[in-house]
Amino acid sequence: MDFSAMVYPSGIGFILNGAKIGVFGEQQFNYDSEHFLIVTVSTPLICQTLASESEPVFGLFIQTNSSDVKHLVASMGGESALPNTETRGVEPVALSAELSDSVVRLANSMLSKQDSAAIGESQLREVLYRVLQSPHGRTLHQAMQVNTPENKIALVVDYIKQSYSQRIEVSSLADMSNMSASHFHREFKLLTGTSPIQFIKQIRLSKARNLIVHDCKQVTVAADEVGYRNLSQFHRDFKTHFKVTPRQASTSGYAEIDRFVSD
């Protein structure tokens, strides 16, 4: 299978079976049963899914709650107890035996309504605790703090995801983050793997793909709804990003799940 693009939300991703190869910025990484992802800021990722009928891919994605993370960090003794490692917006992290066991227990409890109701929250809390203990656990906490670069960029990303159909000036995004233009560009690329302009384009294209593939919208309608005023440019950008034309996406079964961008 070829590499394809989708927009991941912020959170923690685990693969229990199968594997993916991801690209973030200029780095290629493995995302499989031995590596999990910490996604600090919702961002587009290029992934290749390695799966077959006999070996399907399935896993969990946990969208974190700031209150739960803050309470856990406090119970651990505060931020000083977390590893002090500089991280980007997407970090593949080696899965420890303890974290792997806790993820499997959480997944198993989700198969039972009774188990989920009785012990699901405690098992989720253990998973979050083990993630915070990981080498890049600090980034999860940093993203929840007011006025950190992670939090400021996350707010900008949320704005883009709500306003992608409108004209968006990068200078206005920098002002929104209370950063200088150069500082904003540097932090934005560190956390999303791409420039603000490219990020806006990728969000628009991902939303357009949803409209075309899942909502059966006409290509011209989808392009207009996501803010493209030049249909030829839309076709070129779509083909470059997804490796298929909008029409091929609508008729060839190219419907890889990509609902995150609508959140």
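You'll find the structure just up there.
In this report, we go over the structure that sits alongside the text. Note that the coordinates shown come from a computational prediction; the quantities given were computed from them, not determined experimentally.

1. Some points on the pattern of salt bridges
No. 1: Per the stated rule, a full pass over the model turns up 7 salt bridges.
No. 2: Taking the shortest distance from any N to any O, the salt bridge between aspartate 224 and arginine 229 comes out at 3.4 Å.
No. 3: The class of arginine 229 is exposed, set by a relative accessible area of 62%.
No. 4: Each of Arg105, Glu126 and Arg130 takes part in salt bridges that share partners, so that together they form one network.

2. Notes on the nonpolar core
No. 1: The biggest cluster of nonpolar side chains holds 34 residues, and the ones touching the most others in it are Ile153, Ile160, Leu173, Phe184, Phe188, Phe234 and Phe238.
No. 2: Contributions of two or more residues to this core are made by α5 (149-163), α6 (170-176), α7 (181-192), α8 (196-214), α9 (219-225) and α10 (231-242).
No. 3: In contact with phenylalanine 184, other than residues within four places in its own chain, are Ile153, Val156, Val170, Leu173, Ala174, Ser177, Met179 and Pro196.

3. Re the packing of α5 against α8
No. 1: Put simply, α5 and α8 touch, their axes get as near as 10 Å, and they point 45° apart. Classed by the angle they form, the pair α5 and α8 counts as oblique. Remark: the crossing between α5 and α8 carries right-handed chirality. Residues Val157, Ile160 and Lys161 of α5 lie in contact with α8, whose contacting residues are Phe199, Ile200 and Ile203.

4. A word on the pairing of strand β4 (residues 27-32)
Across a regular strand the side chains alternate sides, sitting on one face of the sheet and then on the other.
No. 1: Relative to β4, strand β3 (residues 19-24) is paired through 6 bridges, and the arrangement is antiparallel. Bridge pairing in β4 links lysine 20 to tyrosine 31.

What counts, and where the lines are drawn
- Residues numbered from 1 in each chain as written.
- Predicted model: local features only at pLDDT ≥ 70, side-chain atom pairs only at ≥ 80, totals over all residues.
- Heavy atoms only, no water.
- Salt bridge = Lys/Arg side-chain N within 4 Å of Asp/Glu carboxyl O.
- Buried < 20%, exposed > 50% of the residue type's maximum accessible area, 1.4 Å probe, protein only.
- Core = buried A, V, L, I, M, F, W, Y, C linked by side-chain atoms within 4.5 Å.
- Helix = DSSP H or I, 4+ residues; strand = E, 2+ residues; numbered from the N terminus.
- Contact = heavy atoms within 4.5 Å.
- Axes fitted to C-alpha atoms, helices over the stretch in contact; angles between N-to-C directions.
- Parallel < 35°, antiparallel > 145°, perpendicular 65-115°, else oblique.
- Left-handed = near helix turned anticlockwise from the far one by under 90°.
- Pairing = 2+ DSSP bridges.

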